[in-house]
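# Close look at the chain arrangement
Okay, here's what each chain looks like letter by letter:
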Amino acid sequence: MQTPPILTDRIALTRNRAKATEFFLHEEARAEVQERLLEVNRTFTAPAVVTGLPDIWREIGSPVADDDVLTLTPAAHDLVVHALSLHWANDPVGQLVQCRHALRPDGLFLGLLFGGQTLHELRACLAEAEAEVTGGLSPRVLPMGEIRDLGGLLQRAGFALPVADSFTKTVRYRDALHLMRDLRQMGENNALDARLRHPTRRAVLLRAVELYQMQYADAEGRIPATFEIICLTGWAPADSQPKPLKPGSAVQRLADALNAAEMPLPTDLRKG
């Protein structure tokens, strides 16, 4: 089995989180989870939450640290929530597999993580500024997945009835420096293993602030910061779940159901 690359410096990530004082995105995600659980209309008796910020998520379920190896007992839970930390995982599929193994049959998995549109404005401005000032680029942002790809991860991990959807929250700031300060207060500042180990040059930061203001500021001079949160939903396989019909098992023609005339395919299409 191939060892996944080390993307995250766990010591730096733990240090960043220990200084966190701003949790509005986690609170937003927690409210989203609570709303989705109400829609499921099921009572969960053994929920667990994989998180790096346990105090925020304790009311949903028993917190479990988002380490590479999760301290989850196989088949012990009827609900596992992976709470806004999957984007820091060195092996996201491995995390999903561990969550599935921790679920009882027909147990529910909900995973919330930042998607590929998150902070696209800041990422573009920092990259442009660094290229201008230094002539190169350094690792600053995690490779966050796109929704079309993340849904496939659920299938790879063995979940039944997989669904991926997303919502976007746009937050407005005075300037890019204010946004970067807020990211530090969220515990979401750079913890990449390959990051530069010295502070970013002041000229790069000032140029990024200038570019952000020029390209994105609104009429009041405030800048938007986009946070895309992707929600992954899957179920541990169970015999009681609906199964797709086998090919050829239909008892009614689609044309009859639609009350439409059935037209033969052109000869050139039938050859394919």
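The preceding data block contains the structure.
What this report covers is the structure whose coordinates are included nearby. (Residues numbered from 1 in each chain as written. Predicted model: local features only at pLDDT ≥ 70, side-chain atom pairs only at ≥ 80, totals over all residues. Heavy atoms only, no water.)

Attention shifts here to the pairing of strand E4 (residues 103–114). By the criterion of burial, E4 is predominantly enclosed, with ten of the twelve residues buried. Judged from the six bridges that link them, strand E3 (residues 77–83) and E4 form a sheet pairing that is parallel. Looking at E4, one finds that valine 81 is bridged to leucine 110. The parallel pair E3 and E4, bridged by helix H4 (residues 92–102), forms a crossover whose chirality is right-handed. (Buried < 20%, exposed > 50% of the residue type's maximum accessible area, 1.4 Å probe, protein only. Helix = DSSP H or I, 4+ residues; strand = E, 2+ residues; numbered from the N terminus. Pairing = 2+ DSSP bridges. Right-handed = clockwise from strand over helix to strand, strands pointing away.)

Let's shift gears to the pattern of salt bridges. Using the criterion set out here, one finds 13 salt bridges in the structure. The residue arginine 207 makes a salt bridge to glutamate 132 at a minimum N-O spacing of 2.8 Å. Of the two residues, arginine 207 is situated in helix H8 (residues 202–216) and glutamate 132 in helix H5 (residues 120–134); the sequence distance between them amounts to 75 residues. By relative accessible area, which is 43% here, glutamate 132 ends up partly exposed. Residue arginine 172 is joined to aspartate 218 by a salt bridge in which the shortest nitrogen-to-oxygen separation is 3.7 Å. Of the two residues, arginine 172 is situated in strand E5 (residues 160–173) and aspartate 218 in the loop between H8 and strand E6 (223–235); the sequence distance between them amounts to 46 residues. (Salt bridge = Lys/Arg side-chain N within 4 Å of Asp/Glu carboxyl O.)

At their nearest, the axes of H5 and H8 sit 8 Å apart, and the two run at 130° to each other. With respect to their mutual orientation, H5 and H8 come out oblique. Crossing of H5 against H8: the hand is right-handed. Contacts between H5 and H8 involve Glu121, Leu122, Ala124, Cys125, Leu126, Glu128, Ala129, Glu130, Glu132, Val133 and Thr134 from the former and Ala203, Val204, Leu205, Arg207, Ala208, Leu211, Tyr212, Gln215 and Tyr216 from the latter. In terms of residue class, the contact of H5 with H8 is built from 13 nonpolar, two polar and five charged. (Axes fitted to C-alpha atoms, helices over the stretch in contact; angles between N-to-C directions. Parallel < 35°, antiparallel > 145°, perpendicular 65-115°, else oblique. Left-handed = near helix turned anticlockwise from the far one by under 90°. Contact = heavy atoms within 4.5 Å. Nonpolar A, V, L, I, M, F, W, Y, C, P; charged D, E, K, R; others polar.)

Looking now at the sheet that holds strand E1 (residues 47–51). Within the open sheet, the six strands sit side by side as E2-E1-E3-E4-E6-E5. Their pairing is mixed. Edge positions in the sheet fall to strand E2 (62–65) and E5, since each of these pairs with one other strand and no more. Taking each pair of neighbouring strands and ignoring which way they run, the sheet shows an average axis angle of 20°. Across the sheet, helix H6 (residues 147–156) touches E4, E5 and E6, and the angle it forms with E5 is around 145°.

This part takes up the nonpolar core. Counting residues in hydrophobic clusters, the biggest one holds 44 residues, and the most contacted among them are Trp57, Val81 and Phe227. Sort the elements by how many residues they give to this core and E6 lands first, with six residues. Other than its neighbours up to four places away in sequence, tryptophan 57 contacts His26, Ala29, Arg30, Val33, Val49, Thr51, Val81 and Ala83. Ala48, Leu150, Leu154 and Phe159 belong to the second largest nonpolar core, which has 23 residues in total. (Core = buried A, V, L, I, M, F, W, Y, C linked by side-chain atoms within 4.5 Å.)

Bringing the side chain of aspartate 66 into the picture now. Here aspartate 66 is to be found in the loop between E2 and E3. Note on aspartate 66: relative accessible area 5%, which makes it buried. There is a polar contact of 2.9 Å between the side chain of aspartate 66 and the side chain of arginine 17. (Polar contact = N/O pair within 3.5 Å; in protein donor to acceptor, adjacent residues only side chain to side chain.)

Attention now goes to the packing of helix H7 (residues 176–186) against H8. Between H7 and H8, the least distance of the axes is 9 Å, while the angle of their chain directions is 115°. As far as their axial angle goes, H8 and H7 are roughly perpendicular. Packed against H7, whose contacting residues are Ala176, Leu177, Leu179 and Met180, the element H8 presents Leu205, Val209 and Tyr212 at the interface. Each residue belonging to the contact of H7 with H8 can be placed in one class, and the counts come to seven nonpolar, no polar and no charged.

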